[in-house]
Amino acid sequence: MSCGKPHETDCREVLDKVYAYLDGELTEHDVSHIRVHLDECGPCLQEYDLDKAIKALVAKKCGCDPVPDDLRARVLARIAQVRAELAD
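First, a word on what this report is: a plain description of the structure on this page. Nothing here was measured: the structure is a model prediction, and the numbers come from that model. (Residues numbered from 1 in each chain as written. Predicted model: local features only at pLDDT ≥ 70, side-chain atom pairs only at ≥ 80, totals over all residues. Heavy atoms only, no water.)

A short note on the overall build of the protein chain
Scanning the protein chain from terminus to terminus reveals five helices and zero strands. In sequence order, the secondary structure elements of the protein chain are arranged as α-α-α-α-α. Once the C-alpha set of the protein chain is aligned to its principal axes, its extents read approximately 40 × 30 × 20 Å. A buried classification covers 25% of the 88 residues belonging to the protein chain. Restricting to contacts in the protein chain with at least 6 residues of sequence separation, those with at least 24 account for 68%. Surface summary for the protein chain: the accessible area is close to 6300 Å², and the carbon and sulfur share equals 57%. If the 12 positive side-chain charges of the protein chain are averaged to one point and the 18 negative ones to another, these points end up 6 Å apart. (Helix = DSSP H or I, 4+ residues; strand = E, 2+ residues; numbered from the N terminus. Buried < 20%, exposed > 50% of the residue type's maximum accessible area, 1.4 Å probe, protein only. Contact = heavy atoms within 4.5 Å. Areas by Shrake-Rupley, 256 points an atom, 1.4 Å probe, with all protein chains shown as cover. Lys, Arg positive; Asp, Glu negative; His and termini not counted. Charge placed at Lys NZ, Arg CZ, Asp CG, Glu CD.)

With respect to a nonpolar patch on the surface
Together, Leu-50, Ile-54 and Val-58 make up an exposed nonpolar region whose accessible area comes to about 240 Å². Relative to the helices and strands, Val-58 is located in helix H4 (residues 42-62). (Patch = residues over 30% accessible without salt bridge, like charges linked within 9 Å, V, L, I, M, F, W, Y side chains within 5 Å. Salt bridge = Lys/Arg side-chain N within 4 Å of Asp/Glu carboxyl O.)

Structure (structure tokens):
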């Protein structure tokens, strides 16, 4: 995914980190680069908005149930795998 314009931070890198960004798990340096990229790249901003909506829906439906670390890791691995398949 890309808008076709060059960016300081690659689209794939931004999309790989979008959930960590939403969860507040990134360094300020990474957060800054992602914010700049989302301001410049419409397709990545749309993907971010979709991921944000999915996260909000899951939070609403799952409430306060803690997510086991192994489940989170499997879900993130699957998301990365699907993104890689779509990029090919």
